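Breakdown of the fold
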Amino acid sequence: MNPEILMEEAMRFGASDARVIRAADIPVEDAIVEMCGPPGCDGYGKSANCPPFAMTPEEARIWISRFDRAVFFKIDVEPELLFSPAQFKPFEDIFGIVSRLEHRAMEWGWKDVTGLGAGSCKPVFCPDAPCAALADGGKCRFPDLARPSMEAIGINVFKLAESVGWPIYHITRDTDPMEISSALLAGIVIVGARPPRAEGIR
Ligand code: SF4
């Protein structure tokens, strides 16, 4: 079964564009995770899905090597939205697409399926409560939706976006949204090497 059908599903679930890439081409770099630390991201250390609790880049490289292909997708976002009170809505949309795509891949017979989102799950799903998964014996409140971001395990999303021809701009708290022409958020669902034959489905 060809992962191209998952690319079509990503678009159907709301992605602006999607590509199938080789898992071996996913760039994982230690320096990316270093950017999550203070003063980089407010989610650092506050969620089980964020550094220093997420998988390390070294672990991620080994983990990704088990997979074969990935569906890398983006949603285009108005830059102003990322500086508005609704700034976390597009991040929630990415987690939603990842979750639906994971389910669809499993439904279609892939056994090894894992998704990664954009940004920290903490401000999206648990803005006013401590991370439940970090408590002793605790579990995530949103296991079906919350995932580590690609950056949290060291994936260089800029490099990956550029490799598939998507223009991407570095946006920080100091960025003037009027000065950039476009913004995107990206997610990924990685699938294993040998999807079993699944008769009767697409
Ligand atoms: S409990 Fe909340 S903050 Fe913790 S991993 Fe789950 S969604 Fe993220």
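The present account deals with the structure reproduced in this document. (Residues numbered from 1 in each chain as written. Predicted model: local features only at pLDDT ≥ 70, side-chain atom pairs only at ≥ 80, totals over all residues. Heavy atoms only, no water.)

Once that is clear, we can look at the packing of aromatic side chains. With the rule as written, the count across this model stands at five aromatic pairs. Between F72 and W166 the ring centres are 5.0 Å apart and the planes differ by 25 degrees, which places this aromatic pair in the stacked class. Here F72 is found in strand β2 (residues 69-77), whereas its partner W166 is found in the loop between α6 (157-163) and β4 (183-191), with 94 residues between them in sequence. Both rings, one in F88 and one in F91, keep their centres 6.1 Å apart while their planes meet at 55 degrees; by these two values the pair is tilted. With a relative accessible area of 33%, F88 lands in the partly exposed category. Grouped by ring-pair contacts, the aromatic residues F95, F125 and F142 constitute a single cluster. A cation over an aromatic ring shows up here: R104 above the ring of W108, its NZ or CZ 5.5 Å from the ring centre. (Phe/Tyr/Trp six-rings, centres within 6.5 Å; stacked < 30°, edge-to-face > 60°. Helix = DSSP H or I, 4+ residues; strand = E, 2+ residues; numbered from the N terminus. Buried < 20%, exposed > 50% of the residue type's maximum accessible area, 1.4 Å probe, protein only. Lys NZ or Arg CZ within 6 Å of the ring centre and 35° of its normal.)

Once that is clear, we can look at helix α4 (residues 89-107). Because an α-helix packs 3.6 residues into every turn, residues spaced three or four apart end up facing the same way. Compared with an ideal rise of 1.5 Å per residue, which puts 19 residues at 27 Å, α4 spans 27 Å between its outermost C-alpha atoms and is within 8% of the ideal. Listing the buried residues of α4 in full gives P90, F91, I94, F95, G96, I97, V98, S99, L101, E102, R104 and A105. In this fold, the buried residues of α4 make contact with α1 (4-12), β2, β3 (113-116), α5 (121-125) and β4. Taken from the residues just after α4, G109 is the one with a positive phi, measuring 110 degrees. (Expected span 1.5 Å × (residues − 1). Contact = heavy atoms within 4.5 Å.)

The next subject is the layout of surface pockets. Of the pockets and cavities examined, the largest pocket occupies roughly 1,400 Å³. Taken together, 42 residues line the largest pocket, and the ones lying closest to its centre are G40, C41, F91, I171 and T172. Going through the elements one at a time, α5, α6 and β4 are the ones with two or more residues in the lining of the largest pocket. Ranked by residues supplied to the lining of the largest pocket, first place goes to β4 with four residues. (1 Å grid on protein atoms, 1.4 Å probe; cavity = no way out; pocket = protein on both sides within 12 Å on 5 of 7 lines; lining within 4 Å. Points joined across faces, edges and corners; volume = space filled by probe spheres on them.)

Moving on to the sheet that holds β4. Spatially, β1-β2-β4-β3 is the arrangement adopted by the four strands of the open sheet, whose pairing is antiparallel. Since the sheet does not close on itself, it has two edges, and those belong to β1 (17-22) and β3, each with one partner. Pairwise comparison of adjacent strand axes, ignoring direction, gives a mean angle of 20 degrees for this sheet. The pairing of β2 with β4 spans nine bridges and is antiparallel. Bridging from a neighbouring strand, V77 pairs with A183 of β4. Packing of α4 onto the sheet brings it into contact with β2, β3 and β4, and relative to β4 it is tilted by some 20 degrees. (Pairing = 2+ DSSP bridges. Axes fitted to C-alpha atoms, helices over the stretch in contact; angles between N-to-C directions.)

Turning to the pattern of salt bridges, a few remarks are in order. All chains considered together, the criterion is met by twelve salt bridges. For the salt bridge of E9 with R104, the shortest nitrogen-to-oxygen distance reads 2.5 Å. Pair noted here: E9 is in helix α1 and R104 is in helix α4, with a separation of 95 residues, a long-range link. The two residues E9 and R104 agree in class, both being buried. In this structure, the salt-bridge partner of D30 is R61, at a minimum N-O distance of 2.9 Å. Of this pair, D30 sits in helix α2 (residues 30-34) while R61 sits in helix α3 (residues 57-64); the two residues are 31 residues apart in sequence, bridging distant segments of the chain. One network of salt bridges, in which partners are shared, links E9, R12, R104 and E107. (Salt bridge = Lys/Arg side-chain N within 4 Å of Asp/Glu carboxyl O.)

Keep in mind these numbers describe shape, not what the thing actually does.
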